[in-house]
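Residues per chain are reported as follows:
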Amino acid sequence: MDETEFWELVDDAREDAEGDPEEQADLLVERLLRLDPEAVLDFARHFESRYHRAYHWDLWGAAWVLLGGASDDAFDYFRCWLIGQGREVFEGALHDPDALADLLDDDFDEEIDGDGEDLGYAADEAYEQLTGSVAPDLELPPAPAEPEGTPLDFENEALLAERYPRLWERFRDQ
């Protein structure tokens, strides 16, 4: 599976789920079940590598503003959700986290959106259903121990408003 096929699976499931992350995960599992186990592992590798790329302090700060706070687990689920938003949103957010203010739909709901935990398990679930066994090691470089970049004081609202002016105006300054 190449990168284009990966993003097509993500996009098609999101569109058919009408943006609901849990439904998107269920649809993704259904679609992965149509593939052979090696293609499912390829999907998992693409997903996991992007998940690790998004482990960055600047992106965590953006998640904090969007969600009104983001614990370690919440940021993990946010990264899964971000991948589920597709290539344009994902790459745009990695390039400029504040750009999420422009990349996200007007109907962003912090109670539903931003949490893609189930998306992170879709490939594992499909692989297990196809083979009856747990997915093997993906043979990717290890996950970073700490987020990339410079840590931010998430409790400093003035800093967050300065660092993420568009996100702050759209999601916090209401």
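Our subject is the structure that appears above.
*Asks:* Explain the environment of D113 to me, please; I cannot follow it from the model alone.
*Replies:* Its place among the elements puts D113 in the loop between helix 7 (100-103) and helix 8 (122-131). Classification of D113 by relative accessible area gives buried; the value is 12%. When the C-alpha positions of D113 and A145 are compared, they lie 26 Å apart, and in sequence the two are 32 residues distant. The residues touching D113, leaving out its near neighbours within four places in the chain, are G19, L67, W81, D107 and F108.

*Asks:* Before we go on, may I ask you to explain helix 5 (residues 72-84) in this structure?
*Replies:* An α-helix turns once every 3.6 residues. As a result, residues three or four positions apart point the same way. Under the 1.5 Å per step criterion, the end-to-end length of helix 5 is 19 Å for 13 residues, consistent within 8% with the ideal 18 Å. Inspection of helix 5 places F75, F78, R79, C80, W81, L82, I83 and G84 among the buried residues, and these make up the whole buried set. Buried residues in helix 5 make contact with helix 1 (3-16), helix 2 (21-32), helix 3 (37-53), helix 4 (57-67), helix 6 (87-95) and helix 7. G86 sits one or two positions beyond helix 5 and adopts a positive phi of about 100°.

*Asks:* Even after reading the chapter, I still don't get the side chain of Q24, so can you show me in this structure?
*Replies:* Along the polypeptide, Q24 turns up in helix 2. Beyond its immediate chain neighbours, meaning those up to four positions away, Q24 contacts V10, A13, R14, A17, G84 and L119.

*Asks:* What am I meant to see in the pattern of salt bridges here?
*Replies:* Where charged atoms from two side chains of opposite charge approach closely, those side chains can pair. A full pass over the atoms with the stated rule returns 13 salt bridges. Note that D58 and R163 form a salt bridge whose closest N and O atoms lie 2.5 Å from each other. Of the two residues, D58 is situated in helix 4 and R163 in helix 9 (residues 157-163); the sequence distance between them amounts to 105 residues. Judged by its relative accessible area of 36%, R163 is partly exposed. Where R166 meets D98, a salt bridge forms, and the shortest distance between an N and an O atom there is 3.1 Å. Of this pair, R166 sits in helix 10 (residues 165-172) while D98 sits in the loop between helix 6 and helix 7, and the two are 68 residues apart along the sequence. Classification of R166 as partly exposed rests on a relative accessible area of 33%. On the basis of relative accessibility, which here comes to 5%, the residue D98 falls in the buried class. A single network of salt bridges, built from pairs that share partners, joins D96, D98, D102 and R166.

*Asks:* How do you make sense of the packing of aromatic side chains when you look at a structure like this?
*Replies:* In this description, an aromatic ring pair is defined by two values, namely the gap between the centres and the angle between the planes. For the structure on display, the rule yields 14 aromatic pairs. Ring geometry for F75 and F78: centres 6.4 Å apart, planes at 20°, overall stacked. Of this pair, F75 and F78 are both found in helix 5, three residues apart, which corresponds to roughly one turn of the helix. Neither F75 nor F78 differs from the other in exposure class; each is buried. By way of ring pairs, the aromatic residues Y55, W57, W60, W64, F75, F78, W81, F108, F154 and F171 are connected into one cluster.

Rules of the game
Residues numbered from 1 in each chain as written. Predicted model: local features only at pLDDT ≥ 70, side-chain atom pairs only at ≥ 80, totals over all residues. Heavy atoms only, no water. Helix = DSSP H or I, 4+ residues; strand = E, 2+ residues; numbered from the N terminus. Buried < 20%, exposed > 50% of the residue type's maximum accessible area, 1.4 Å probe, protein only. Contact = heavy atoms within 4.5 Å. Expected span 1.5 Å × (residues − 1). Salt bridge = Lys/Arg side-chain N within 4 Å of Asp/Glu carboxyl O. Phe/Tyr/Trp six-rings, centres within 6.5 Å; stacked < 30°, edge-to-face > 60°.

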